[in-house]
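# Examination of the molecular architecture
So the chains spell out like this:
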Amino acid sequence: MANFSIRPHNNPFLPHRTNPHSLIYHSVSATRLVSHPQFLRLSLRVRCSIKEKENVKGNDELPPVLSGLKVDESEQTGSISKFENGLSSGNGIDEVGFDSNWPPWKNVPDRYKMIGTTALAFVICNMDKVNLSVAIIPMSHQFGWNSSVAGLVQSSFFWGYALSQLPGGWLAKIFGGRKVLEIGVLTWSLSTALVPFLAGYMPGLILSRILVGIGEGVSPSAATDLIARLIPLQERSRAVAFVFGGLSVGSVSGLLLAPPLIQNFGWESVFYIFGFLGIAWFAGFQFLDGQPSVPLKSFPDESKSESGYPNKKVTTPIKLQQLPAALKEVPWRGFFEYPPVWAMIYTHFCGSWGHYTCLSWLPTYFSEELNLNLTEAAWVSILPPLASIFVTSIASQLADNLISNGVDTTTVRKICQTIAFVSPAFCMTLSSVDLGLPPWEVVAILTSGLALSSFALSGLYCTHQDMSPEYASVLLGITNTVGAIPGIVGVALTGFLLDSTHSWSISLFAPSIFFYLTGTIVWLVFASSKPKTFSNNK
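These numbers come from a predicted model, not from an experiment.

Definitions and limits used
- Residues numbered from 1 in each chain as written.
- Predicted model: local features only at pLDDT ≥ 70, side-chain atom pairs only at ≥ 80, totals over all residues.
- Heavy atoms only, no water.
- Helix = DSSP H or I, 4+ residues; strand = E, 2+ residues; numbered from the N terminus.
- Buried < 20%, exposed > 50% of the residue type's maximum accessible area, 1.4 Å probe, protein only.
- Polar contact = N/O pair within 3.5 Å; in protein donor to acceptor, adjacent residues only side chain to side chain.
- Contact = heavy atoms within 4.5 Å.
- Axes fitted to C-alpha atoms, helices over the stretch in contact; angles between N-to-C directions.
- Parallel < 35°, antiparallel > 145°, perpendicular 65-115°, else oblique.
- Left-handed = near helix turned anticlockwise from the far one by under 90°.
- Nonpolar A, V, L, I, M, F, W, Y, C, P; charged D, E, K, R; others polar.
- UniProt positions renumbered as here; feature names shortened; annotations may be inferred.
- pLDDT = per-residue confidence, 0-100.
- Expected span 1.5 Å × (residues − 1).
- Bend = angle between axes of the 7 residues up to and from the residue.
- Salt bridge = Lys/Arg side-chain N within 4 Å of Asp/Glu carboxyl O.
- Phe/Tyr/Trp six-rings, centres within 6.5 Å; stacked < 30°, edge-to-face > 60°.
- Lys NZ or Arg CZ within 6 Å of the ring centre and 35° of its normal.

Before going further, it helps to examine the side chain of Q165. Tracing the sequence through the fold places Q165 in helix α5 (residues 147–175). Judged by its relative accessible area of 0%, Q165 is buried. Polar contacts involving the side chain of Q165 include one to the main-chain carbonyl oxygen of Y161, which spans 3.1 Å. Residues in contact with Q165, not counting those within four places in the same chain, are G217, S221, G477, N480 and T481.

Put into structure tokens, the structure is as follows:
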């Protein structure tokens, strides 16, 4: 529909001349006056016959009654198309009317809607990930679990998370990230809601947490595929930061909401409520227009349309019997023969070691080493992800601005990833040395270092799309599979070293510092964001 705004000085109800070649019969079917401090807007719906419309087109001079009509340029193309299509209905009458701008996001580009809802899915993702870390305390008391059993229940999430990375990346490549994401959200949400029913049956409980890990494990690759398909290079850092930044928001939200919910409604409530949020997201996502759920058969690296956006050529969906052939088409050998891919794999492993070990053990460190009570330790644990939200917005803007100003993409990714690794390594070194600092200064130092590690979202996590938009989800599946290993091995090894050495510096900080520094060296030497055409024939 075309939007017409009538200026106050043009009164449409005053007598006016008629065109000698044609008469325009118009009727007002709906009027609306909107008050404003500076002007009044009058919205009209005008009916014109076919012949009359053609005559108006042929006239160079419009009658005074139409001289005050101003067509909104953003609606011209769509409105004319709708106008022409409507004339073929056979009744000879068409309508041009004013469309309301409700809901508020109606005119938001589809790619932004998709990125926004994906970020919301990641918020729910981490809420479902951290809820067990809080609920495990009352659950252990109720069912008589010792620390070993509680650790087994919590680590079972990472079994599913690690197993689903590579299959999730491949499925996102074949079927499209949208379809994989919505199935992943539904899987982990239903599994979360089932935890209260299965808590008394250990095999069922572990299976439910493995399913949560599988559902959440396919989501990063699905989001990477969406970003690679929809977002141009100049907006990619912000898109990645916005989507994956939802994880930090989810951690903060989960840690804030879970304690009062458990206290007032029981530990079961966090699983029911958080699971329902994911199911509601899945239902709402079905109404969202955006990327089709069909695969990209051909997607040249960094191929762009004339508008500068990624080429979104699609084909018909692949049938189940075609999956084996599609799996063979993935250039696995080409991936592992390319040194920058190995740089991404090792860098992802190093970053995950520091992230997962700190996520699991920092609350205990704050409580035992810094002598904070449990309430203080819980609140302090929120500070790193909370600060990460702020740092992420700065890092993404910086990266995109540098790329827009002509700085080489590889250089930008190396700068961001170096900041992401050197900063926490330096802060952990300060915390390891006995400088006689008060507890809250140590907390501030660690929070700063872990927050700056969010620069990785504009470094490593963008490189998969930079290197190959077509295989970005598969590449992230490969690197994230290796990156999930610290969640299984690193967390347990930290506890073993702590029991053996009774030193937080040796057990928690020293391994992380080692991986941060070696990861930085490997990244600076071998990383590359240059588009790469992988092929089984090379």
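Helix α10 (residues 268–285) packs onto helix α6 (residues 177–198) with a crossing angle of 155° between their chain directions and a minimal axis gap of 8 Å. Between α6 and α10, the angle is such that the two are roughly antiparallel. Seen along the crossing, α6 lies across α10 with a hand that is left-handed. Contacts between α6 and α10 involve R178, L181, E182, V185, L186, S189, L190, T192, A193, V195, P196 and F197 on the former and, on the latter, E268, F271, Y272, G275, G278, I279, W281, F282 and F285. A class-by-class count of the residues in the contact of α6 with α10 yields 14 nonpolar, 4 polar and 3 charged.

Under the UniProt annotation, "transmembrane region" (unreviewed entry) lies at residues 180–199, 239–258, 270–288, 341–362, 382–403, 443–462, 474–498 and 504–526. A helix fraction of 84% and a strand fraction of 0% characterise residues 270–288, whose end C-alpha atoms lie 27 Å from each other. For the annotated span residues 504–526, helix accounts for 100% and strand for 0% of the residues, and the straight-line distance between the end C-alpha atoms is 32 Å.

It is worth spelling out the confidence of the model for the chain at this point. For the chain, the mean per-residue pLDDT works out to 75, and 70% of the residues sit at or above 70. In the model, residues 4–98 has pLDDT below 50 throughout and makes 119 contacts with residues more than four positions away in sequence or in other chains. For residues 291–317, every residue scores under 50 in pLDDT, and the model assigns this stretch 78 contacts once sequence neighbours within four places are set aside.

With that settled, the discussion passes to α6. Across its 22 residues, α6 extends 31 Å between first and last C-alpha, which sits within 8% of the 32 Å expected from 1.5 Å per residue. The largest bend in α6 amounts to roughly 25° and is located at T192, with the proline P196 lying one to four residues further along.

For the rest of this paragraph, the subject is helix α4 (residues 110–143). A rise of 1.5 Å per residue sets the reference length of α4, with its 34 residues, at 50 Å; its end C-alpha atoms lie 48 Å apart and thus fit the reference within 8%. The largest bend in α4 amounts to roughly 45° and is located at I136, with the proline P138 lying one to four residues further along. Backbone geometry just downstream of α4 places G144 in the positive-phi region, at approximately 70°.

Right, let's get into the environment of F244. Here F244 is to be found in helix α9 (residues 233–265). According to the relative accessible area criterion, F244 is buried, its value standing at 5%. With 24 residues separating them along the chain, F244 and P220 place their C-alpha atoms 8.1 Å apart. Filtering out sequence-adjacent residues up to four positions away, F244 remains in contact with F122, P220, T224, L457, Y461 and L476.

A word on the pattern of salt bridges. Under the definition given, this model contains 5 salt bridges. E337 is paired through a salt bridge with R333; the nearest N and O atoms lie 2.6 Å apart. Judged by its relative accessible area of 47%, E337 is partly exposed.

Taken as a whole and assessed by the stated rule, the structure comprises 23 aromatic pairs. Judged by centre distance (5.3 Å) and plane angle (20°), the rings of F143 and W145 are stacked. Ring centres of F335 and Y471 lie 5.6 Å apart, and the angle between their planes is 75°; on these two criteria the pair is classed as edge-to-face. Taken as a pair, F335 in helix α12 (residues 332–336) and Y471 in the loop between α17 (460–467) and α18 (472–483) lie far apart in primary sequence, 136 residues in all. Here F335 matches Y471 in class, with each residue buried. Taken together, the ring pairs in this structure connect W332, F335, Y338, Y471 and F534 into an aromatic cluster. Of note, R178 hangs over the ring of F285, and the distance from its end group to the ring centre comes to 4.7 Å. Over the ring of Y338 we find K532, and its NZ or CZ is 4.9 Å from the ring centre.

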